[in-house]
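Okay, here's what each chain looks like letter by letter:
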Amino acid sequence: DQDKTSNISKRVNKILESRIESDKDTLMALKELNNYFHENTIQSRRNLRSKIEKRSLSINENFLSAFRKVKERLDAIYEDVINMNVAVQTMSQQLIATKAQTNQLIEQTTKLQAENEKLSMEEQIALAMINTFQLTDVEVSALREGDINEEFFRVLERAATIHNDCRTLMQCGHQVIAIEIMEQMALFQETGLERLYRWAQTNCKSIESPTISHLLTKAMAKMQDRPVLFKYVISAYCTHRRSVLVRIFVDALTKGGPGGTPRPIEMSAHDPQRYISDMLAFLHQTIPSERENLAVLMSACQNIDVSEEIQEALATISEGVVTPLKVRIEQIISSPEIQLKTLYIITNLLSFYKQTFAQEVGEKSGLTRGLTECETTSCDTLLEKLGAIVRKEIMEQVSLPPKDLSPSPGVDYLLSLLRDLLSVARVSNYHHEFLNKLVSSVLDPLLEGVNVSASRLTTTDMAVYLLNCLHLMQTTVTLYEFIDDRLERLQAQCDAQIDTLTSEQASSLVANLNLGPIYMILEEQGRTEPLSHIPGMQPTSLANFISKFDSFVSMPELLFLPQVHCLLSGVHRWAVQRRATDVILAIYKKVYSSVHDPANLYDSPQTLVPRTPQEVADLLLQNRGTVSAESHISNV
């Protein structure tokens, strides 16, 4: 009993120690027990075991019943599997037999499939090659019959691309097909370019239209590799634009602008300078617009010298206006009423525009040659008219010099005319060769006429008159650096006349001061006796000379030649007086040195000749220039 009690106690303790809430199996068992254990009575607890056993039996019976059905199904499936296995084995045997019979057919099928794949690949390659190296029917139709538009240029460009790509084919070994395709594409290109050439010839007159201009630009780019077609189109364009330019020029001459503004150029025909200037200015404004049109026309050309082509085209276009322009200019130039200055201004205008148009249309263009001929005619006419005026003035106005030895009215008139012409040259860039001809056509005959008229005068008067004329010529041309040679020749002639006048003035002073005998004595060589014992050098004679010399020193103007005061140039007048005075100072210096020389036995030389050469020079040269007395003495 004690052992039994101990076992029960252990079980109770085990139940109490166990945690039912964490034992899922126990919880499920209790939940299941709850379904049929409703009352906790003694009778219920006694019957609990039997109920559990009955319930377990019922569950096993249900499971057995369900499993029986499963077994029956599995048996049926097993039988079906056995039947299927038999059928499969039968079919396998049949397939083996069929395979043995159809092996040759399978090999043929496999071979046909491989050939089919190969043919499919070749078809794809052929289609790709056709798409790459052939034009479609639509593209061929656009190239041969369609309008000239963007699609046409795209097809033409594609034909050129295919032609170039054929070179790659040739390098890869497909020479035959490459050559055939190249010939075909070349034929397509020729057909397209022929149509493009005819279209461009017809539509080149509509260069101002934006749509046509764009297509023409592309057309010229395509034809730049065909020089013959390119030249023909440019020629057709130039022919049209030349007629347009002539019509515009004639309208500007006769009708003027829209509504009469600006006025017709012909209305200025009474003013030659403005008339010619307006015509040339109109062309100068019009030709750049033609250059712009040509630049647009050839803007896409990359394989040619566009600037050279534009210049040649401009030369052709501008050639049409040469005849009407040249006729009008020559009519103005040959007019007998035109003035020399106006004619010279026109000559400068022609020279300026000739150089301007030479840069625009080329030096060999008809317009440049026409202006060159007009310029040559104008130059010849100017020189001819100027020569006639010079000859007339020399005959009528330069033959007799005035009494005051000033330049004759003819000299003044001719030099004034030359001054007016050269004033035009100062504001122009005219070439120096013609200007030298212009100056020579006036100065050379004028110098000759002046020399002829002066030959009738005395030596002194001739020198003064020539100096005055030469001075006026120098002042006329001295501002122009391009005639330095002429100025040097004029200066050489002035120097020669100054030397002549100086000689005359010095001779006059020597005679008036009675220096001749004294100078002769001082220049004698080999004398042995003192100067004070020689007649003419005695103290009384020297005292007479010193008295006259003092009067000259105090008022030198009284002994200067009256012709010297007629010199127009103060520089010339001062140069003559200075040189003549230098001669007198040189002689006085010798007299002073000889008198103060003890060997000549003069008593009181300081009283006889009191002034030193330096003092005399200061008195003579006072207020007469910028050169100091010391430099004059040194020059002496």
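Throughout, residues of each chain are indexed from 1 in the direction in which the sequence is written. Under the rules for a predicted model, residues below a pLDDT of 70 receive no local features and side-chain atom pairs below 80 are neither given nor counted, while totals for whole chains, interfaces and linings still include all residues. Only hydrogens and water are set aside when side-chain values are computed; all heavy atoms of the structure are taken into account.

In the annotation of an unreviewed UniProt entry, the protein chain is listed under the name Conserved oligomeric Golgi complex subunit 6 and assigned to Panstrongylus megistus. UniProt positions are given in the numbering used here, feature names are shortened, and annotations may be inferred rather than shown by experiment. Looking at the protein chain in UniProt, the text filed under Subunit (unreviewed entry) is "Component of the conserved oligomeric Golgi complex which is composed of eight different subunits and is required for normal Golgi morphology and localization." According to the UniProt record, the Subcellular location (unreviewed entry) comment for the protein chain reads "Golgi apparatus membrane".

(A) Inspection of the domain arrangement of the protein chain at higher detail. The assigned domain composition of the protein chain is domain 1 (60–129), domain 2 (134–190) and domain 3 (502–623). When each unit is reduced to the centre of its C-alpha atoms, the spacing between domain 1 and domain 3 is 158 Å. Boundary definitions for the domains trace back to an automatic or database domain assignment.

(B) How the structure looks around the packing of helix α9 (residues 272–297) against helix α12 (residues 340–361). α12 packs onto α9 with a crossing angle of 5 degrees between their chain directions and a minimal axis gap of 10 Å. Looking at the two axes, α9 sits roughly parallel to α12. Residues Pro 272, Gln 273, Ile 276, Ser 277, Leu 280, Ala 281, Leu 283, His 284, Ile 287 and Arg 291 of α9 pack against Thr 342, Ile 345, Ile 346, Leu 349, Leu 350, Tyr 353, Thr 356, Phe 357, Gln 359, Glu 360 and Val 361 of α12. Of the residues assigned to the contact of α9 with α12, the class counts are 13 nonpolar, six polar and two charged. Lines fitted to C-alpha atoms define the axes, with helix axes restricted to the stretch in contact, and inter-axis angles between N-to-C directions lie between 0 and 180 degrees. Think of it this way: any DSSP run of H or I at least four residues long counts as a helix, any run of E at least two long counts as a strand, and we number them from the N terminus. We call two directions roughly parallel when the angle between them is under 35 degrees, roughly antiparallel when it is over 145, roughly perpendicular when it lies between 65 and 115, and oblique otherwise. Only heavy atoms enter the contact rule, under which two residues are in contact if any of them lie within 4.5 Å. Residues were grouped as follows: Ala, Val, Leu, Ile, Met, Phe, Trp, Tyr, Cys and Pro as nonpolar; Asp, Glu, Lys and Arg as charged; and all remaining residues, including Gly, as polar.

(C) Region of the structure containing the side chain of Ser 441. Among the secondary structure elements, Ser 441 is positioned in helix α15 (residues 432–454). Classification of Ser 441 as buried rests on a relative accessible area of 18%. Engagement of the side chain of Ser 441 in a polar contact is seen with the backbone oxygen of Leu 438, the distance being 2.6 Å. With near-sequence residues (within four places) excluded, Ser 441 lies in contact with Leu 383, Leu 386 and Val 390. Note on classification: 1.4 Å probe, protein chains only; a residue is buried when its accessible area is under 20% of the maximum for its type, exposed when over 50%, partly exposed between these limits. Residues adjacent in sequence count toward polar contacts only when both atoms are side-chain atoms; beyond that, a polar contact is any pair of N or O atoms within 3.5 Å, and within protein one must be able to donate a hydrogen and the other to accept it.

(D) Structural context of the environment of Arg 49. Checked against the element boundaries, Arg 49 lands in helix α3 (residues 42–133). Among the residues examined, Arg 49 registers a relative accessible area of 62% and is labelled exposed. Between the alpha carbons of Arg 49 and Gln 201 there is a distance of 124 Å; along the sequence they are 152 residues apart.

(E) Spotlight on the environment of Gly 260. Relative to the elements of secondary structure, Gly 260 occurs in the loop between α8 (227–254) and α9. In this structure, the C-alpha to C-alpha distance between Gly 260 and Gly 173, residues 87 residues apart in sequence, is 74 Å.

(F) Representation of helix α20 (residues 570–595) within the structure. Between the first and last C-alpha of α20 there are 36 Å, a value that for 26 residues agrees with the 38 Å anticipated at 1.5 Å per step. Capping of α20 at its N-terminal end is provided by Ser 569; its side-chain oxygen lies 3.3 Å from the backbone amide nitrogen of Val 571. By definition here, a helix of n residues has an expected span of 1.5 Å times n minus one.

(G) Expanded view of the pattern of salt bridges. Put simply, a salt bridge is a Lys or Arg side-chain nitrogen that is within 4 Å of an Asp or Glu carboxyl oxygen. Scanning all chains against the criterion turns up 19 salt bridges. Across the pair Lys 71 and Asp 75 runs a salt bridge whose closest N-O atoms are separated by 3.1 Å. With a gap of four residues between them, Lys 71 and Asp 75 both fall in helix α3, about one helical turn apart. We classify Asp 75 as partly exposed; its relative accessible area is 36%. Note that Asp 499 is salt-bridged to Arg 579, the shortest N-O span being 2.5 Å. Linking Asp 499 in helix α17 (residues 484–512) with Arg 579 in helix α20, this pair joins segments that are 80 residues apart in sequence.

(H) Spotlight on helix α19 (residues 539–554). Helix length check: α19, at 16 residues, gives a terminal C-alpha distance of 22 Å against a target of 22 Å (1.5 Å per residue), a fit within 8%. Those residues of α19 lying buried are Leu 542, Phe 545, Ile 546, Phe 549, Phe 552 and Val 553. Taken down its axis, α19 places every buried residue within 120 degrees of arc, on the same side. Away from its buried face by more than 90 degrees, α19 exposes Thr 540 and Ser 554. On the buried face of α19, the contacting elements are α17, α18 (515–523), α20, α21 (605–608) and α22 (613–620). The directions from the helix axis to the C-beta atoms are what the arc is built from.

(I) Seen up close, the packing of aromatic side chains. For Phe, Tyr and Trp, rings pair up if their centres lie within 6.5 Å, where Trp contributes its six-membered ring, and each pair is then called stacked (planes under 30 degrees apart), edge-to-face (over 60) or tilted (otherwise). Counted by the stated rule, this structure contains nine aromatic pairs. Geometrically, the ring pair formed by Tyr 197 and Tyr 232 is tilted, given 6.2 Å between the ring centres and 45 degrees between the ring planes. Note that Tyr 197 is positioned in helix α6 (residues 175–203) and Tyr 232 in helix α8, a separation of 35 residues in sequence. Tyr 197 gets classed as buried once you look at its relative accessible area, which sits at 13%. An aromatic cluster of at least three residues, connected via ring pairs, comprises Phe 549, Phe 552, Tyr 588 and Tyr 592.

(J) Representation of the side chain of Ser 378 within the structure. Along the chain, the position of Ser 378 falls in helix α13 (residues 366–397). We classify Ser 378 as buried; its relative accessible area is 0%. One polar contact links Ser 378 to Thr 347, side chain to side chain, over a distance of 2.4 Å. When neighbours within four sequence positions are excluded, Ser 378 is seen to be in contact with Ile 333, Leu 343, Thr 347 and Leu 350.

(K) Focus on the state of the cysteines. For the purposes of this analysis, a disulfide is any pair of cysteine sulfur atoms at a distance within 2.5 Å. Within the structure shown, the criterion is met by zero disulfides. With no disulfide of its own, Cys 204 has Cys 238 as its nearest cysteine by sulfur position, at a separation of 9.1 Å. Unpaired in terms of disulfides, Cys 566 finds its nearest cysteine sulfur in Cys 469, a separation of 13 Å. For Cys 566, a relative accessible area of 25% translates into the label partly exposed.

(L) Just the confidence of the model for the protein chain, in detail. Confidence in the prediction for the protein chain averages 83 pLDDT; 93% of positions are at 70 or higher. For the protein chain, the element scoring lowest by mean pLDDT is helix α23 (residues 629–635), at 34; helix α11 (residues 322–333) scores highest, at 93. Values of pLDDT, ranging from 0 to 100, describe the predictor's confidence in every residue of the model.

(M) Region of the structure containing the packing of α6 against helix α7 (residues 210–223). Contact geometry for α6 and α7: axes closest at 10 Å, N-to-C directions at 135 degrees. Judged on the interaxial angle alone, α7 and α6 are oblique. At the point where α6 passes α7, the crossing takes the left-handed sense. Contact residues: α6 offers Leu 193, Leu 196, Tyr 197, Trp 199, Ala 200 and Asn 203, while α7 offers Ile 212, Leu 215, Leu 216, Ala 219, Lys 222 and Met 223. A class-by-class count of the residues in the contact of α6 with α7 yields ten nonpolar, one polar and one charged. Note: crossing handedness is left-handed where the near helix turns anticlockwise from the far helix by less than a right angle, and right-handed where it turns clockwise.

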